[in-house]
Amino acid sequence: MPHRVKPPCAEQNTAVVAAFETPASVAWQRGIRSPPGVTAGARKRVQMTSGVDATKLEQVVIRFAGDSGDGMQLTGDRFTSEAASFGNDLATQPSYPAEIRAPQGTLPGVSSFQIQIADYDILTAGDHPDVLVAMNPAALKANVGDLPRGATIIANTDEFSTRNLAKVGYSANPLEDGSLEDFTVHAVPMTSLTIGAVAPSGVGKKDGQRAKNMFALGLLSWMYQRSPAATEKFLRAKFATKPEVAEANTLAFKAGWNYGETTEAFASTFEVAPAQLPAGTYRQITGNTALGYGIVVAGQLAGLPVFLGAYPITPASDILHELSKRTNIGVRTFQAEDEIAAVGAALGASLGGALGVTSTSGPGLALKGETIGLAVMTELPLLVIDVQRGGPSTGLPTKTEQADLLQAMFGRNGESPVAVVAPRSPADCFAAAIEAARIALTYRTPVLLLSDGAIANGSEPWAIPSIDQLDPIDPRFEPEGTQGFQPYARDPETLARPLAVPGTKGLEHRIGGLEKADGTGDISYEPANHELMVRLRQAKINGISVPDVEVDDPSDAAELLIIGWGSSYGPIGEACRRARRRGVQVAHVHLRHLNPFPANLGTVLGKYSTVVAPEMNTGQLAVLLRARYLVNVQPWTKIQGLAFSAEELAGVIDRALDGSLGDLESSKAGDARARATYRRNEEL
Amino acid sequence: MTTIDLNLTAAPEIPAGDPPLKAKDFASDQEVRWCPGCGDYAILATVRGFLPELGIARQNLMFVSGIGCSSRFPYYLNAYGLHSIHGRAPAIATGLAMTRPDLSVWVVTGDGDALSIGGNHLIHALRRNVNLTILLFNNRIYGLTKGQYSPTSEVGKITKSTPLGSIDHPFNTVSLVLGAEATFVARALDSDRKGLGAVLRAAAQHRGTAFVEILQDCPIFNDGSFDLIRKEGAEQRLIPIAHGAPITFGDNGENCVVRSGFGLAVARTGDTPTADIVVHDAYTDDPEYAFALSRLSEQGLDHVVTGVFRAVDRPAYDDTGRAQLAAARECGSGAADAVQELITGRETWTIAEPRKL
């Protein structure tokens, strides 16, 4: 896992695995065993007490897919919690439509959740699912293309009606016509089994059939031998106000479990042992939650109240939701009338001495540009979080992209430099947010933090840091009684200006968006002063202290460097591991700091004969690196709203080494143009 | 106009200033650079003269402005100030008011800044009722960009951008802010030092957003725009209002305001039974009354109502937010390590020292 933080509680390290609840009296929990002490070996069968074999796996990728009303995200989240508390390493990636409820049973309405669990340190949610849970024909059709030969499909046959098949263009039932013969298919009438199972709870048929996702979860929990106790507890808590619904969901969950246990349809359960991650206390966390926590902790480290101004926008709204729940620790959130007011209020809060934060996605960042420029001019701390999504314009609201890098760098009028940082994984969002706040407060500057849709909703284990072991942040506000205060007299080392917050007696002053005179901060239209101030603002950003990049090159002999930023860390890292296992030497650099770049980056780039930058855009980092270092950085670009797979990047490494990558990349533009030409010719 | 005691408590969190200040204590070291004859000078003088009455220290005064001639205002006051960007002052001021209850936050804006580019922020600040005092200088023209028509310009206004005359209907500022659920609305004329002072006094006592429209001339691009209510015959047009007083105006109160249909109308006092003359009630919860008053003012300036239209109590957004925060803190664990508990969460697992795979 990336970027682990120091383990907090050394004294707790004696316990191997977390609380493992095994109320032995419950019959349906037969099959639960203590986690095995040994792993390794691809598949090894173990005789279990229940009479079913358990196959040991190092890792498995499971995808839950269904209609957007089927509760697949909840199912995935629950399975994730089970895996996390079991001690697996894991990574998750949800995928859901922009529509809240697309027409039922259609391809656009398919919502899915993918999780990879492993007994070793993994970097991604996996390229291809080993197991697909398909709650309806649309879910099967939308996902079957991603399955490798030999994958397992668990399909809810109740939904495979003639009508539902026709909705997605199946003329025959694929579960019966032999078209799935490459796969192991388990046809399970989940809806009717669920309705039957929940009858004692007294809920109506509608609520009853809605519990079918818990049936699926129960079945998968049995297959992977997960503790059911925590899920039952979760369901009782979630539906505390509706005990009959809680009961129905619990019954459905148990029914799924018992189905696996008793039908003998499944020849084996599977066992993925706990992973040996670095010592520490872990939890599962999504990127948006980690960002929220990072902001809260940054405020505590700086001793400042946290203020978040935000306007709802996918996929950033969860940051607003998270922080809105934190009034008990003094966090103030403001759902503004628009994106501009959101950043404006955050800047106002910063001016008043709070940690001012705004969160948004690309379209919102475009609207905030002028206010960020004001923060550049007034040199106030401001944390701007952009959870990137597919663009331009409204684009692909629920899909990921990295195409706001140049907007973050340059998307304002005038010479308007800001610091830019990017987290590399969901858990890394925590440290990235603290780093961004530290820069903002230390250098009195807006900092743009570029997350993206893949990180925001994806999750992974996180080694929980001990806050008292993190470095404090000193906002260094000017105290009352400061003699000779000048708002634009800079710290000679950081070039940061002194901040006197309103309320400080004797330091009353005025600032604004007009050019400032060096030192006094008075309005100045003087030509030489303007040039001086532009250069000072730029020099301040250029001089931000950032750590050198670390090169991941175990052989120290690679001639190929893959350089990335943001959420591509997982797939690039995994692709490099696979290449190295084949004896291919490749180096990997992943940038946290995009402005300024780390001081050693130019030297590092110069050491490799080939440098490739895979990005989910048309090559924005490559533009910056080429311009800055005059290095022939080759872009490898993908703009599909999807994260890279490790598999495709492993191929990129091979193509880079055999010299064909440049042609492949440049052919993409030509191919696109050709598509338009062909269509026109067809029309003629 | 007489001083109105609105009997509302001023912000309790703002510390009192000492020693007592004078108008000149609020003059900054910056040279005032408005055009000669600009109404802004009179407003600045009145505001400087009024600020000592607030009784709060200079460091607890925060003036936020947007863009436009009026928005240079903060530079000329010896207090904390931010000259921000076009239209956004209410949003920025909202963030300040929410986080700093110890500040008296003022927004200085103009008809273009507040009603055109910043219209959205204005109406939302008003409906939230944030603790702000908003001074809108309305000169019915864009001055700083050298003379284009504004959203309060009368129809047919010939300007550089409307050589054939403007064709869009203007806002009635007071009607607009009442529609935006404003709790305090007043209007004054820049040159009416006494009336403006009284309105500022009432505004400063209001908890929530106090909105004050100040009618003002731009001698360069819209000279004489308000002459009809300044020069001879002005008393036939200006309708001053005071809470509890019958609304009469003109020579010896020869005109009055009466109910008419769904709204109000002007009538001859001599022809009107005393009981039919409307007695001004700034405290009535019904916004319909204040709205009807606002409709007496027309773009042609046949009548212009001045004074406090409406001053009602409604919880202020930032006060309520602070109350929520305080309540949540009390209900919370209160533990010093609440943040550590938060990030640790409920479902954790612990891994011991590495072992060989």
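Refer to the structure above for everything that follows.
No experiment lies behind these values; they were computed from the predicted model shown. (Residues numbered from 1 in each chain as written. Chains lettered and ligands numbered in written order. Predicted model: local features only at pLDDT ≥ 70, side-chain atom pairs only at ≥ 80, totals over all residues. Heavy atoms only, no water.)

Draft legend 1. Region of interest: the overall build of chain B. In terms of regular secondary structure, chain B is built from nine helices and twelve strands. Seen along its three principal axes, the alpha-carbon backbone of chain B occupies a region of about 100 × 50 × 45 Å. Considering chain B as a whole, with its 357 residues, one finds that 56% of them fall into the buried category. Look at the contacts in chain B between residues 6 or more apart in sequence, and 68% of them connect residues 24 or more apart. By element, 54% of the accessible surface of chain B is carried by carbon and sulfur atoms, the whole surface being about 14,800 Å². (Helix = DSSP H or I, 4+ residues; strand = E, 2+ residues; numbered from the N terminus. Buried < 20%, exposed > 50% of the residue type's maximum accessible area, 1.4 Å probe, protein only. Contact = heavy atoms within 4.5 Å. Areas by Shrake-Rupley, 256 points an atom, 1.4 Å probe, with all protein chains shown as cover.)

Draft legend 2. Looking closely at the pairing of strand β22 (residues 610–615) of chain A. All names here are of chain A. With six of six residues buried, β22 lies mostly within the body of the structure. A two-sided burial pattern is seen for β22, the buried positions comprising Thr610, Val612 and Pro614 on one face and Val611, Ala613 and Glu615 on the other. Sheet topology places strand β19 (residues 560–565) next to β22; three bridges connect them, and they run parallel. If you follow Ile562 over to β22, its bridge partner there is Val612. Relative to strand β23 (residues 633–637), β22 runs parallel, the two being bridged by five bridges. Residue pairing for β23: Glu615 is matched across the bridge by Thr637. (Pairing = 2+ DSSP bridges.)

Draft legend 3. Local environment of the state of the cysteines. All names here are of chain B. Applying the stated criterion across every chain yields a total of zero disulfides over all chains. No disulfide involves Cys38; its sulfur sits 6.3 Å from the nearest other cysteine sulfur, which is in Cys35. Look at Cys38 and you get buried, because its relative accessible area is 11%. (Disulfide = S-S within 2.5 Å.)

Draft legend 4. Region of interest: the interface of chain A and chain B. Between chain A and chain B, the contact holds 81 residues from the first and 59 residues from the second. Approximately 6,000 Å² of surface area, both sides summed, lies buried where chain A meets chain B, with 60% of it carried by carbon and sulfur atoms. In terms of surface lost to chain B, no three residues of chain A exceed Gln276(A), Arg332(A) and Arg510(A), which account for 13% of the buried area on that side. Along the contact surface separating chain A from chain B lie two salt bridges. Residue Arg128(B) is joined to Glu337(A) by a salt bridge in which the shortest nitrogen-to-oxygen separation is 2.8 Å. Applying the counting criterion to the chain A and chain B interface returns 25 residue pairs in polar contact (both at pLDDT 80 or more). Elements with a contribution of two residues or more to the side of chain A that touches chain B: α1 (72–86), β10 (280–286), α9 (287–302), β12 (332–335), α11 (339–351), α12 (362–378), β17 (459–463) and β18 (510–512) of chain A. (Buried area = accessible area lost by both parts, 1.4 Å probe. Salt bridge = Lys/Arg side-chain N within 4 Å of Asp/Glu carboxyl O. Polar contact = N/O pair within 3.5 Å; in protein donor to acceptor, adjacent residues only side chain to side chain.)

Draft legend 5. The arrangement of the pairing of strand β4 (residues 132–138) of chain B in detail. Residue and element names in this part refer to chain B. The buried count for β4 comes to seven of seven residues, which makes it a mostly enclosed element. As paired elements, strand β3 (residues 104–110) and β4 share five bridges and run parallel to each other. Counterpart to Val108 in the pairing with β4 is Leu135. Pairing geometry for β4 and strand β6 (residues 209–215), over seven bridges, is parallel. Bridge assignment links Leu132 to a residue of β6, and that residue is Thr209.

Draft legend 6. Representation of unusual backbone geometry. The omega angle of the peptide bond from Gly391(A) to Pro392(A) is 5 degrees, so this bond is cis rather than trans. On the secondary structure map, Pro392(A) appears in the loop between β14 (382–388) and α13 (405–410). Note the cis peptide between Asn595(A) and Pro596(A), where omega equals -5 degrees. As for its placement among the helices and strands, Pro596(A) is situated in the loop between β21 (593–595) and α18 (601–606). Residue Glu264(A) is not a glycine yet carries a positive backbone phi of 60 degrees. Mapped onto the fold, Glu264(A) is located in the loop between α8 (243–263) and β9 (268–272). Phi at Lys146(B) takes a positive value of approximately 75 degrees, unusual for a residue other than glycine. Structurally, Lys146(B) is set in the loop between β4 and α5 (173–179).

Draft legend 7. Summary view of the nonpolar core. Counting residues in hydrophobic clusters, the biggest one holds 105 residues, and the most contacted among them are Ile563(A), Leu591(A) and Leu601(A). Sorting elements by how many residues they give to this core places α11(A) first, with eight residues. (Core = buried A, V, L, I, M, F, W, Y, C linked by side-chain atoms within 4.5 Å.)

Draft legend 8. How the structure looks around the sheet that holds strand β20 (residues 587–591) of chain A. Residue and element names in this part refer to chain A. Spatial strand order, β20-β19-β22-β23: four strands in an open sheet with parallel pairing. Each having just a single partner strand, β20 and β23 make up the two edges of the open sheet. Between one strand axis and the next, the sheet turns through 25 degrees on average, direction left out of account. With respect to the sheet, helix α17 (residues 569–581) is in contact with β19, β20 and β22, its orientation differing from that of β20 by roughly 170 degrees. (Axes fitted to C-alpha atoms, helices over the stretch in contact; angles between N-to-C directions.)

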